[in-house]
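# Report on the structure
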Amino acid sequence: MKPETPRPIRLKDYRPPAYLVDKVDLDVALDPTRTRIRSRLSIRPNPDATGRPAPLRLNGEHLELAEIALNRKPLGKKDYKLTDTELTIAKPPAKPFTLEIVTYVNPEGNTALQGIYRSNGVYCSQCEAEGFRRITYFPDRPDVLATYKVRIEADPEEAPVLLSNGNPVERGTIKGGKRHYAIWHDPHPKPCYLFALVGGDLASIASSFRTMSGRNVDLAIYVEHGKEDRAAWAMDSLKRSMRWDEERFGREYDLDVFNIVAVSDFNMGAMENKGLNIFNDRLILASPETATDTIFEHIESVVAHEYFHNWTGNRITCRDWFQLCLKEGLTVFRDQEFTGDERSKTVQRIIDVRKLKTHQFAEDAGPLSHPVRPESYIEINNFYTATVYEKGAEVVRMIEQLLGAEKFRQGMDLYFERHDGEAATVEQFIQCFEDASGIDLSQFRLWYSQSGTPELVCALKYDKTKKTAELEVEQVLPPTPGQPTKKPFHIPFKIGLLGANGHDIDLRLDSGEEVADGMVSLTKRRQTFRFTDVPSRPVPSLLRDFSAPVNVTIDLDDDDYELLMAADSDLFNRWQAASTYAIRTLVEIVRILGAGKTTSRGQRYAKSLRAAVTTDGLDPAYRAELLKLPTQADVARVIGKNVDPALILRAHKQLQRLVGRTLGDVLEDFYKDLADKSPFSPDADSAGRRALRNAALTLLTARGGKRDLAMLAKHYSIATCMTDRAHALYLLANIGGKEAERALTHFHDQWKHDHVVIDTWFAAQAQSPRASTLKRVETLTSHPLFSLTAPNKVRALIGTFAAANPVQFNRPDGKGYAFVASQVLALDAINPQIAARMLGAFRSWRALESVRRAQARKALQRIAKTKTLSPDVKEIVSKMLEA
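Residues numbered from 1 in each chain as written. Predicted model: local features only at pLDDT ≥ 70, side-chain atom pairs only at ≥ 80, totals over all residues. Heavy atoms only, no water.

For a regular strand, side chains alternate in direction, first toward one face of the sheet and then toward the other. With seven of seven residues buried, strand β19 (residues 257-263) is to be regarded as a mostly interior element. Covered by surrounding structure in β19 are Val 257, Asn 259, Val 261 and Val 263 together with Phe 258, Ile 260 and Ala 262, the residues of both alternating faces. Direction of pairing for strand β18 (residues 216-223) relative to β19: parallel, over a ladder of five bridges. Paired with Tyr 222 across the two strands is Val 261, which belongs to β19. Handedness of the crossover joining β18 and β19 through helix α1 (residues 232-249): left-handed. Direction of pairing for β19 relative to strand β21 (residues 276-280): parallel, over a ladder of five bridges. Considered in β21, the bridge of Ile 260 is made with Asn 277. (Buried < 20%, exposed > 50% of the residue type's maximum accessible area, 1.4 Å probe, protein only. Helix = DSSP H or I, 4+ residues; strand = E, 2+ residues; numbered from the N terminus. Pairing = 2+ DSSP bridges. Right-handed = clockwise from strand over helix to strand, strands pointing away.)

Following this line, the structure appears as structure tokens:
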């Protein structure tokens with residue numbers, strides 16, 4: 001049994017492995033309930049290990065040990081010690097040796113979906129972070145790198161496709177054709193978390209890619225039979241990713257084949273296993289009839305992300321799991337850059353920042369706050385977080401901002417050259433940029449060790465006599481769990497000053513230095529920048545292009561925001577001004593409604609939005625972003641304490657209705673003019689036009705008129721693509737009534753046989769703020785198409801209710817919390833990783849008003865008192881209650 005209270009693993013306790021594994025030979029005989037794994041490990045003492053000769057400790061969980069031999073000599077039970085989590089040989093040889101182990105596992109019964117399991121009859125594996133120990137006994141840590149040769153055998157009717165990492169070596173049949181086998185070899189040393197195998201009856205599409213050095217790479221994507229046509233976009237995204245990485249970073253693919261497999265049950269979105277990426281099928285399968293534009297964009301981004309890992313994660317991996325941001329944050333930065341180049345840089349930046357603020361800023365403000373590189377953990381699966389991924393990407397982006405594109409590329413080239421084939425650290429990564437640029441980044445390293453979101457409190461003073469403007473900036477660093485005080489960060493702060501005509505004023509410091517690109521560095525707790533030759537009182541445009549993951553506070557009035565919305569040359573900041581203006585309007589409406597009064601506030605914002613969205617020369621996708629009001633979660637984050645989600649919903653609906661009416665003629669023109677009868681295309685321009693049309697529909701529907709609702713119902717019924725149909729379905733589910741029930745029934749009947757598309761049906765109902773939603777969601781947990789063992793279904797129904805329905809999840813009677821708590825406990829016995837993810841919905845519970853706060857605490861305490869909690873859930877719930 002595992003200890004009841006697992007001990008934390010700490011970064012400061014890192015020690016090199018006592019033994020290294022140079023070569024792994026695996027022989028896997030697939031069987032639904034009794035798969036046999038024969039491993040042969042070539043092991044040697046690590047010359048870099050310190051201290052006296054150590055025992056050989058191999059991790060292993062949920063394994064049946066059948067045989068073990070050292071240098072071909074069988075070992076008896078007295079020769080080793082075996083527990084539920086570890087196999088130990090007290091005195092292994094002091095020179096290189098081989099260890100052969102035979103284990104058995106049960107793929108069919110593996111509901112945790114780690115190690116080898118079955119998904120709809122397909123054998124597949126998931127080893128990150130610590131799943132390989134569920135396959136065989138092994139030093140399961142990322143700094144043990146080995147080459148792998150893998151033989152897989154199976155029933156040819158059950159699993160005609162047999163795949164593993166690397167290049168194919170041999171295929172054949174045995175036992176008179178009753179079994180067949182395939183042998184794969186990966187020549188590149190890798191950690192065991194990158195091992196993968198797949199066996200199943202799968203269809204595929206194939207293509208090829210010619211690298212920049214002239215090599216041909218065979219590409220294949222494996223899917224369920226009958227869904228081959230829905231993999232074309234993923235293949236196109238893969239090939240564009242491969243070319244982009246060559247052109248942008250000089251990285252060429254290094255194997256003869258690259259395979260992707262789509263499976264229906266997967267804890268994550270996708271996994272970058274060397275040469276054999278395994279994907280959640282919702283991030284591979286797409287057609288106009290089955291996938292929205294958002295899904296097409298996600299497929300493009302995630303396919304790129306996993307491919308980019310070939311160099312940032314695989315060829316160079318992380319020394320230990322504390323360095324997780326080194327592969328994930330860096331690779332998120334790379335996939336964001338790719339998507340920006342493929343689509344619109346400004347729109348992509350808006351999408352990325354919105355995601356960061358929604359998820360990571362909320363994480364930083366709550367009990368689960370942690371640094372980009374954590375100092376300790378109990379369960380590493382709990383640190384695949386927005387902080388590690390999204391904030392980690394922002395940290396890399398700041399390095400590029402500080403160094404400039406040329407020096408940044410030189411630093412990346414040096415990183416690839418210096419650490420190829422190694423397990424690296426954050427310090428080694430930063431050192432490459434220092435060596436390439438000559439810039440001292442010692443203070444910048446604090447971004448990896450200090451948690452929380454810095455607030456930049458700014459004030460602008462203008463002297464009309466001297467024609468000078470002083471910008472005062474103070475870094476306010478709020479306390480976070482375990483870090484009550486912090487040192488000032490090194491922050492790239494991109495700024496501009498707008499004159500009364502909306503034009504940028506040239507930035508010249510009183511020292512005479514010109515700030516050509518608007519970039520200044522903040523390194524002290526308080527700094528003042530004095531600009532000269534400023535002809536009139538300027539309006540500051542701060543944190544342009546969101547140059548750092550910080551909050552900015554400055555006292556601007558409505559006139560200032562209206563000027564920024566209309567004229568800021570930085571389009572990201574033009575959008576940011578509109579968003580900030582909307583949020584302060586919503587916060588004020590919430591305050592007035594909370595006092596029991598009514599208000600018509602919002603007219604000025606709506607009129608300014610009308611002017612902004614009709615400005616000439618803007619892309620449809622950008623106009624669509626302008627029309628999207630900040631979410632209820634955005635407003636709650638800004639209010640910060642004593643949050644009442646019901647009041648926020650009322651304010652949100654009120655402002656939506658006002659905007660819909662004020663911009664009615666503009667929105668109707670958008671909706672009419674952007675109707676498109678041409679064949680569907682997922683390209684950025686076409687997607688942008690659909691986004692603008694649907695954004696207009698949302699605001700028109702908010703007016704609540706009969707004509708508007710009829711238009712919405714018609715939009716659903718005549719939709720020719722899933723983008724339009726799903727958007728209408730969500731809006732109808734929010735409103736309720738006969739049209740909503742008619743659409744939900746129609747959607748269910750049309751897609752009940754497609755396990756990917758039907759998730760939209762579950763999610764549409766779970767996100768509805770209507771009072772009847774909780775009862776509906778409870779009923780849907782017993783629906784024949786729903787299963788707690790299917791992560792996608794859990795995310796679509798329970799995850800959507802908990803994370804995307806703030807009013808019903810945060811019901812004042814506590815029933816929303818109680819429902820989610822019950823689901824977390826049920827899931828914990830099946831799949832602790834998914835259970836812990838669902839529990840994350842409680843992360844902001846302390847910010848709620850007292851009644852809801854008490855109900856949330858009650859639900860969390862109920863979970864915490866359960867004696868059989870997994871380490872995954874125990875760690876999260878403990879942090880939530882202790883903070």
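Counted by the stated rule, this structure contains 74 salt bridges. Its salt-bridge partner being Asp 254, residue Lys 274 comes within 2.7 Å of it at the nearest N-O pair. Residue Lys 274 is located in the loop between β20 (270-271) and β21, and its partner Asp 254 is located in the loop between α1 and β19; the two are separated by 20 residues in the primary sequence. Among the ionic pairs, Lys 628 bridges to Glu 625, the shortest N-O distance being 3.1 Å. A network of salt bridges, in which partner residues are shared, links Asp 236, Arg 240, Glu 297, Glu 300, Glu 342 and Arg 343. (Salt bridge = Lys/Arg side-chain N within 4 Å of Asp/Glu carboxyl O.)

Time to look at the nonpolar core. Counting 277 residues, the largest nonpolar core has Tyr 148, Ile 284, Phe 429, Phe 493, Phe 531, Leu 627 and Phe 842 as its most contacted members. Looking at this core, the element that brings in the most residues is helix α10 (residues 571-594), giving ten residues. The residues contacting Phe 429, other than those within four sequence positions of it, are Leu 326, Leu 330, Val 396, Ile 399, Met 412, Tyr 415 and Tyr 448. (Core = buried A, V, L, I, M, F, W, Y, C linked by side-chain atoms within 4.5 Å. Contact = heavy atoms within 4.5 Å.)

Our focus in this paragraph is unusual backbone geometry. With omega at 5°, the peptide bond leading from Glu 128 into Ala 129 counts as cis. Here Ala 129 is to be found in the loop between β11 (122-126) and β12 (146-154). Even without being glycine, His 62 reaches a positive phi, approximately 55°. Tracing the backbone shows His 62 in the loop between β4 (56-59) and β5 (64-70). With a relative accessible area of 61%, His 62 lands in the exposed category.

With that settled, consider the packing of aromatic side chains. Inspection of the entire model under this criterion finds 38 aromatic pairs. Taking 6.2 Å as the distance between ring centres and 55° as the angle between the ring planes, the aromatic pair formed by Phe 546 and Phe 572 counts as tilted. Note that Phe 546 is positioned in the loop between β30 (539-542) and β31 (551-553) and Phe 572 in helix α10, a separation of 26 residues in sequence. Taken individually, Phe 546 and Phe 572 each receive the classification buried, so the pair is uniform in this respect. Site record: aromatic cluster; members linked through ring pairs are Trp 244, Phe 249, Tyr 253, Phe 258, Tyr 307, Phe 308 and Phe 338. Here the basic side chain of Arg 240 rests over the ring of Trp 233, its NZ or CZ set 4.9 Å away from the ring centre. (Phe/Tyr/Trp six-rings, centres within 6.5 Å; stacked < 30°, edge-to-face > 60°. Lys NZ or Arg CZ within 6 Å of the ring centre and 35° of its normal.)

What follows is about the state of the cysteines. Counted according to the given criterion, the structure contains zero disulfides. The thiol of Cys 127 is not disulfide-bonded; the next cysteine sulfur, from Cys 192, is found 6.9 Å away. By relative accessible area, Cys 127 is classed as buried at 0%. (Disulfide = S-S within 2.5 Å.)

Now for the sheet that holds strand β14 (residues 167-174). Strand pairing in a sheet relies on backbone hydrogen bonds. The paired strands run either parallel or antiparallel. Taken in spatial order, the eight strands make up an open sheet running β6-β5-β9-β3-β2-β12-β15-β14, and their pairing is mixed. Strands at the two margins of the open sheet, each flanked by one partner only, are β6 (73-74) and β14.

Quick look at empty space enclosed by the protein now. Applying the stated rule across the entire model yields one cavity of 30 Å³ or more. As a volume, the largest cavity reaches approximately 40 Å³. Along the walls of the largest cavity sit Cys 325, Leu 326, Gly 329, Leu 330, Val 372, Gly 392, Val 396, Phe 429 and Tyr 448, which together make up its complete lining. For the lining of the largest cavity, the elements supplying multiple residues, two or more each, are α3 (324-342) and α5 (386-403). Among the elements that take part in the lining of the largest cavity, α3 stands out by supplying four residues, more than any other. When the residues that make up the lining of the largest cavity are grouped by side-chain class, the tally is seven nonpolar, two polar and no charged. (1 Å grid on protein atoms, 1.4 Å probe; cavity = no way out; pocket = protein on both sides within 12 Å on 5 of 7 lines; lining within 4 Å. Points joined across faces, edges and corners; volume = space filled by probe spheres on them. Nonpolar A, V, L, I, M, F, W, Y, C, P; charged D, E, K, R; others polar.)

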